[in-house]
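Commentary on secondary and tertiary structure
Here's the letter readout for the chains.
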Amino acid sequence: MKDRILFLGGASSQVVAIECAREKGIYSIVCDYDASAPGAEVCDKFYNVSTLDFESLLSVAQTEHVNGVVAYATDRAALTAAKLADRLNLPGNPPSAVETFTNKQLFRGFLKRNNFNVPKVWETDSEKDLQIDESYYPLIVKPVDSAGSRGVTTVHDSKELSLAIDLALKFSPSGKCIVEEFIERNHPNVIEVELFALNGKIVTWGLMDCIRDFQTNPLVPAAYRSPITIDAERVAIVKQEITRLVQLSGIMNSAFNVELIFDKKGRLFFLDIGPRSGGNMLPEFIEKISGVNMVDATLDVALGHTVNKAKMMFDGFGENDWGLIALHAKTDGVFEGVCYSREIEPLIVDEYIYKEKGEKVRSFTAGDDVLGLTFLRFESKSQADRMMDNMDDYVSIEVLQ
């Protein structure tokens with residue numbers, strides 16, 4: 001019989017996986033709470049069902065006789081996918097491991113039990129329960145179970161803390177948030193790793209710089225750069241600690257997305273990890289750099305098919321310098337278009353624009369505010385340095401207020 005995959009979500013960033021299924025001859029069923037989701041147009045069958053509604057999704061999966069479940073590039077549906085696969089006896093990640101990695105409080109507990117570096121952390125459902133000494137500031141407040149940096153805030157005093165907790169709780173389905181020590185990194189960019197594990201061993205290392213926009217929200221990825229710019233010694237530490245974490249997780253075959261930093265004392269800290277492909281088309285970015293098709297592999301492992309290990313091998317360092325821009329607006333307004341300088345325009349390899357001219361857009365406060373993605377291949381490291389460090393000089397989003 002023809003393979004049938006249930007996709008949890010049909011957002012713009014998930015369309016590539018649905019299209020890959022079509023190319024592989026796989027029948028695709030997409031569920032999304034948004035009836036106008038882009039994935040509805042490219043799948044074989046669409047259901048207007050929330051990716052968090054387990055019982056309705058189970059009914060769809062049984063009705064459609066699926067033999068694979070995929071939550072591509074989404075934290076919110078990753079646990080649902082794992083639970084569905086487990087209930088239906090299909091290939092998938094252990095639900096307990098997925099829950100650990102998608103719940104920030106559980107993840108911090110996992111790190112502490114296994115002797116990873118962990119910031120001081122408090123869990124709460126009300127600011128009234130917290131007694132935090134002023135010496136601990138600045139702090140960062142996060143919903144325990146949200147995604148895309150929604151409801152995440154850095155605070156510098158108790159007055160800001162109260163407002164930040166109220167905001168975080170609004171974005172937490174469980175009504176809980178964590179308050180944790182803000183770890184200041186001693187390198188310019190966050191370390192982003194898009195990886196793939198087969199039989200519990202990492203075969204694909206998508207190492208890159210994750211660049212933030214301090215004019216909008218420094219907590220949200222605004223661009224990526226490959227190869228990564230940290231030194232070889234730190235790369236070795238990153239690989240060693242991620243390898244240990246994946247082995248401890250019990251997850252055997254899966255894409256992972258990881259964010260890390262080194263602090264002022266040279267200690268490595270995990271910021272977040274998702275047992276799924278990263279958003280912003282990071283698997284496609286790695287494929288352009290390395291030739292490794294992580295999307296294809298994600299579908300194969302979901303169906304229980306064998307993945308060719310040799311085709312997945314990548315140590316993180318390609319032959320060229322690459323950039324990926326998460327196009328975003330500095331202010332709320334009406335989208336008019338993207339303007340590139342003459343110097344950067346010839347370097348564009350691919351461009352995906354999610355908004356039409358005249359649509360309303362929000363300032364860049366969370367991951368789902370991305371307006372599109374632009375892939376760049378540079379001619380030299382010096383060119384990459386200059387452009388990626390000064391992206392606003394080369395790319396602008398035209399917004400009418």
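To be clear, the structure that these remarks concern was listed above.
Quick summary incoming for the structure in this document. Computed from a prediction, not measured in an experiment: that's the story for all the values here.

Cut-off values and rules
Residues numbered from 1 in each chain as written. Predicted model: local features only at pLDDT ≥ 70, side-chain atom pairs only at ≥ 80, totals over all residues. Heavy atoms only, no water. Phe/Tyr/Trp six-rings, centres within 6.5 Å; stacked < 30°, edge-to-face > 60°. Buried < 20%, exposed > 50% of the residue type's maximum accessible area, 1.4 Å probe, protein only. Pairing = 2+ DSSP bridges. Helix = DSSP H or I, 4+ residues; strand = E, 2+ residues; numbered from the N terminus. Axes fitted to C-alpha atoms, helices over the stretch in contact; angles between N-to-C directions. Core = buried A, V, L, I, M, F, W, Y, C linked by side-chain atoms within 4.5 Å. Contact = heavy atoms within 4.5 Å. Polar contact = N/O pair within 3.5 Å; in protein donor to acceptor, adjacent residues only side chain to side chain. Right-handed = clockwise from strand over helix to strand, strands pointing away.

Under the defined criterion, the tally for this structure stands at six aromatic pairs. For the pair Phe-101 and Phe-110, a centre-to-centre distance of 5.6 Å together with 80° between the ring planes defines the contact as edge-to-face. The class for Phe-110 is buried, based on a relative accessible area of 8%. Where Phe-285 meets Phe-375, the ring centres are 6.2 Å apart and the plane angle is 50°; that geometry is what we call tilted.

Think of a sheet as strands paired side by side through backbone hydrogen bonds, with each pair either parallel or antiparallel. Taken together, the four strands give an open sheet; going across it, the order is β5-β8-β6-β7, and neighbouring strands pair in antiparallel fashion. Strands with a single pairing partner mark the edges of an open sheet, and in this sheet they are β5 (121-124) and β7 (153-155). Averaged over all pairs of adjacent strands, the angle between their axes in this sheet comes to 25°, without regard to strand direction. As judged from the three bridges shared by strand β6 (residues 139-143) and β7, these two strands associate in the antiparallel manner. Each residue of the ladder has a partner; that of Ile-140, found in β7, is Thr-154.

Its location among the elements puts Ser-56 in helix α2 (residues 54-64). Note on Ser-56: relative accessible area 28%, which makes it partly exposed. Taking the C-alpha atoms as reference, Ser-56 lies 14 Å from Ile-29; in sequence the two are 27 residues apart.

Here we take up the nonpolar core. Counting 32 residues, the largest nonpolar core has Phe-196, Leu-198, Tyr-224, Phe-285, Met-312, Leu-324 and Leu-373 as the members making the most contacts within it. Contributing elements (two or more residues each) for this core: β9 (190-198), β10 (201-213), β11 (217-226), β12 (254-262), α8 (282-290), α9 (294-303), β14 (322-327) and β18 (372-377). At four residues, the largest contribution of residues to this core is made by α8. Contact partners of Tyr-224, with chain neighbours within four places excluded, come to Glu-192, Met-208, Asp-209, Cys-210, Asn-280, Leu-282, Phe-285, Trp-322, Gly-323, Leu-324 and Met-388. Grouped together as the second largest cluster of nonpolar side chains are 28 residues, Leu-195, Leu-207, Val-235 and Phe-270 included.

What follows deals with the side chain of Ser-249. As for its position among the elements, Ser-249 is in helix α7 (residues 232-249). Within the structure, Ser-249 has its side chain in polar contact with the backbone oxygen of Val-246 (distance 2.6 Å). Here Ile-251 takes part through its backbone nitrogen, which lies 3.1 Å from a polar atom of the side chain of Ser-249. What Ser-249 contacts, discounting residues up to four positions off in sequence, is Ala-97, Phe-101, Phe-110 and Phe-256.

Before going further, it helps to examine the pairing of strand β2 (residues 27-31). Counting buried positions over the five residues of β2 gives four, a clear majority of the element. The handedness of the strand β1 (residues 4-8) to β2 crossover, carried by helix α1 (residues 15-23), is right-handed. Of the pairings in the sheet, the one linking β2 to strand β3 (residues 45-47) comprises three bridges and is parallel in character. Paired with Cys-31 across the two strands is Tyr-47, which belongs to β3.

On to the pairing of β9, then. Of all nine residues that make up β9, nine are buried, and the element is covered over most of its length. Neither face of β9 is open: one carries Val-190, Glu-192, Glu-194, Phe-196 and Leu-198, the other Ile-191, Val-193, Leu-195 and Ala-197, and all of them are buried. Count of turn residues in the β9/β10 antiparallel hairpin: two residues, of which Asn-199 carries a positive phi of about 55°. Pairing between β9 and β12: seven bridges, direction antiparallel. Counterpart to Glu-192 in the pairing with β12 is Glu-259.

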